[in-house]
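Here is what each chain is made of, one letter per residue.
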Amino acid sequence: RVRRAVHLALDRKSFIETAFYGAGGAGGYVSPSGQWSLPTEELAAMPGVRAAKDQDRARARQLLAEAGYPDGFDAALITLSATSFWQAGAVVLVDELKKIGIRAQLQAMERTAWFDALYGGRFQISWGARSADDDDPDRLYFAHYYSKGGENFGRFVDRELDGLIERQSRTLDAQERRKMVLDIERKMLTDLVPWVSVVWHYDIPGWWPEVKGLVMGAGNYVNLRYDGIWIEP
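Residues numbered from 1 in each chain as written. Predicted model: local features only at pLDDT ≥ 70, side-chain atom pairs only at ≥ 80, totals over all residues. Heavy atoms only, no water.

### Looking at the overall build of the protein
From N to C terminus, the protein includes 9 helices and 7 strands. For a compact globule of 233 residues, the expected C-alpha radius of gyration is about 17 Å, and the protein comes in at 19 Å, within 12% of that figure. The long-range fraction of contacts in the protein, counting pairs at least 24 apart against all pairs at least 6 apart in sequence, stands at 70%. When the accessible surface of the protein is split by element, carbon and sulfur atoms take 52% of a total near 12800 Å². (Helix = DSSP H or I, 4+ residues; strand = E, 2+ residues; numbered from the N terminus. Rg over C-alpha atoms; globule rule 2.2 N^0.38 Å. Contact = heavy atoms within 4.5 Å. Areas by Shrake-Rupley, 256 points an atom, 1.4 Å probe, with all protein chains shown as cover.)

Here is the structure:
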C-alpha cells in the first residue's frame, strides 16, 4: 500500500522539468517508446503517471491510512552525493512525498556506501537510477522484480509475478510474448508496484561530424568498445 501510495502521489512532470531539464519521460518498467512498452496514450492516462494529481493523491493518502499511517510517517531517503541530477531529483522527491504526509530526511551518501546499503537492504527509501542496457524485458525483470533477482533491492517477492516473468521469457512467439509483457507492465503499475518507476532519463549524446564508425547502443553501457571508431581527416 505504501509503495502504491508513493507511485500515485508523484508528479512526473515536476521531476522531468526540475531535475532532468526536460530530457526525460514517464514510463513503466521497460524502456518507454520501445517495442515492449505500453502504448504512450495508455501509459499517460494511468493513475500515478497521468498529469492530474488531485484524485491520485487522495487515493494515496487513503492507502497510507489503510497501511496504518493516517498521519504519514518519517523516513530516511538515501541517494548518491556525487551526481548532481540524482541530488536534484531527491530534493523533488522529498517535496512530493511531503504532499501525502511522508516526511523524508535526505541523506546523501558516497557511492560505495550507497551501494552497500542497497545490496544489503539497509534503507527505507532510496532514490537512484538503473540503466536499460538493452531493450529486452528479461534484463530488467529478472534483475529487479524477480524474487531471486540480484538487484531486487527491496526484497520484493510475488510468486505469481515470478511465474509470469518466467513464462514470458520462455515464449518464442514475439507477438505473444509482447502481449504477456504488456500485461505484466499493467499489473506492476496498478497493483504490485515492486518499486516506483518515476522518470526515464534521456541521454543526449553529441559528437563531431568527423567522428566515424560510432554506433549508439540502447543504453549507457552498450557498445563501449571504440576500436571501430576513427577520425576522418
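### What to know about the environment of Ala-44
Within the element layout of this structure, Ala-44 appears in helix 3 (residues 40-44). Sequence separation between Ala-44 and Gly-27 is 17 residues, and the spatial gap between their C-alpha atoms is 8.5 Å. Among all residues touching Ala-44, those that are not within four sequence positions of it are Val-49 and Arg-50.

### A few points about the packing of helix 7 (residues 137-145) against helix 8 (residues 159-170)
The interhelical angle for the contact between helix 7 and helix 8, taken along N-to-C directions, is 155°, at an axis separation of 11 Å. Classified by the angle between their axes, helix 7 and helix 8 sit roughly antiparallel to one another. Note on packing geometry: the crossing formed by helix 7 with helix 8 is left-handed. In this structure, helix 7 contributes Pro-137, Asp-138, Tyr-141, Phe-142 and Tyr-145 to the contact, and helix 8 contributes Leu-161, Asp-162, Ile-165, Glu-166, Gln-168 and Ser-169. Here the residues of the contact of helix 7 with helix 8 are counted per class, giving 6 nonpolar, 2 polar and 3 charged. (Axes fitted to C-alpha atoms, helices over the stretch in contact; angles between N-to-C directions. Parallel < 35°, antiparallel > 145°, perpendicular 65-115°, else oblique. Left-handed = near helix turned anticlockwise from the far one by under 90°. Nonpolar A, V, L, I, M, F, W, Y, C, P; charged D, E, K, R; others polar.)

### Some remarks on the environment of Val-30
For Val-30, the position within the fold is in the loop between strand 1 (24-25) and helix 3. On the accessibility criterion, Val-30 (3% relative accessible area) is buried. Measuring from C-alpha to C-alpha, the distance between Val-30 and Asp-134 comes to 9.8 Å, with 104 residues separating the pair along the chain. If sequence neighbours within four positions are ignored, Val-30 has contacts with Trp-36, Ser-37, Pro-137, Leu-140, Tyr-141, Glu-185 and Trp-200. (Buried < 20%, exposed > 50% of the residue type's maximum accessible area, 1.4 Å probe, protein only.)

### Remarks on the nonpolar core
Nonpolar side chains tend toward joint burial in soluble globular proteins. Counting residues in hydrophobic clusters, the biggest one holds 35 residues, and the most contacted among them are Phe-15, Leu-77, Leu-97, Ile-102 and Trp-127. Sorting the residues of this core by element identifies helix 1 (2-9), helix 2 (12-18), helix 4 (54-66), strand 2 (73-80), helix 5 (84-98), strand 3 (102-109) and helix 6 (111-120) as the ones contributing at least two each. The element that contributes the greatest number of residues to this core is helix 5, accounting for 6 residues. For Trp-127, the contacting residues outside a window of four places in its chain are Phe-15, Phe-20, Leu-77, Ile-78, Thr-79, Phe-85, Trp-86, Gly-89, Ala-90, Leu-93, Trp-114 and Val-198. Formed by 20 residues, the second largest nonpolar core is a distinct cluster that contains Val-30, Leu-38, Leu-43 and Tyr-146. (Core = buried A, V, L, I, M, F, W, Y, C linked by side-chain atoms within 4.5 Å.)

### Notes on the sheet that holds strand 3
Picture the strands of a sheet paired through backbone hydrogen bonds; they go either parallel or antiparallel. A sheet is described by the order of its strands in space; here 3 strands give the open sequence 3-2-4, paired in parallel fashion. The sheet is open, and its two borders are formed by strand 3 and strand 4 (125-126), each paired with just one other strand. Where strand 2 and strand 4 come together, 2 bridges link them in parallel fashion. Following the sheet pairing, Leu-77 is matched in strand 4 by Ile-125. (Pairing = 2+ DSSP bridges.)

### So, the packing of aromatic side chains
Per the stated rule, a full pass over the model turns up 11 aromatic pairs. An aromatic cluster of at least three residues, connected via ring pairs, comprises Tyr-29, Trp-86, Trp-114, Phe-115, Tyr-119, Tyr-141, Tyr-145, Phe-153 and Trp-195. (Phe/Tyr/Trp six-rings, centres within 6.5 Å; stacked < 30°, edge-to-face > 60°.)

### Brief notes about the packing of helix 7 against helix 9 (residues 174-192)
Where helix 7 contacts helix 9, the axes come no closer than 12 Å and their chain directions differ by 35°. Crossing angle aside, the handedness with which helix 7 passes helix 9 is left-handed. Residue-level inspection shows Pro-137, Asp-138, Tyr-141 and Tyr-145 of helix 7 in contact with helix 9, the latter providing Arg-177, Val-181, Ile-184, Glu-185 and Met-188.

### Let's talk about the pairing of strand 2
Taken across its 8 residues, strand 2 has 6 buried, putting it largely inside the fold. Here strand 2 pairs with strand 3 via 8 bridges, running parallel. Bridge pairing in strand 3 places Thr-79 opposite Ala-108.

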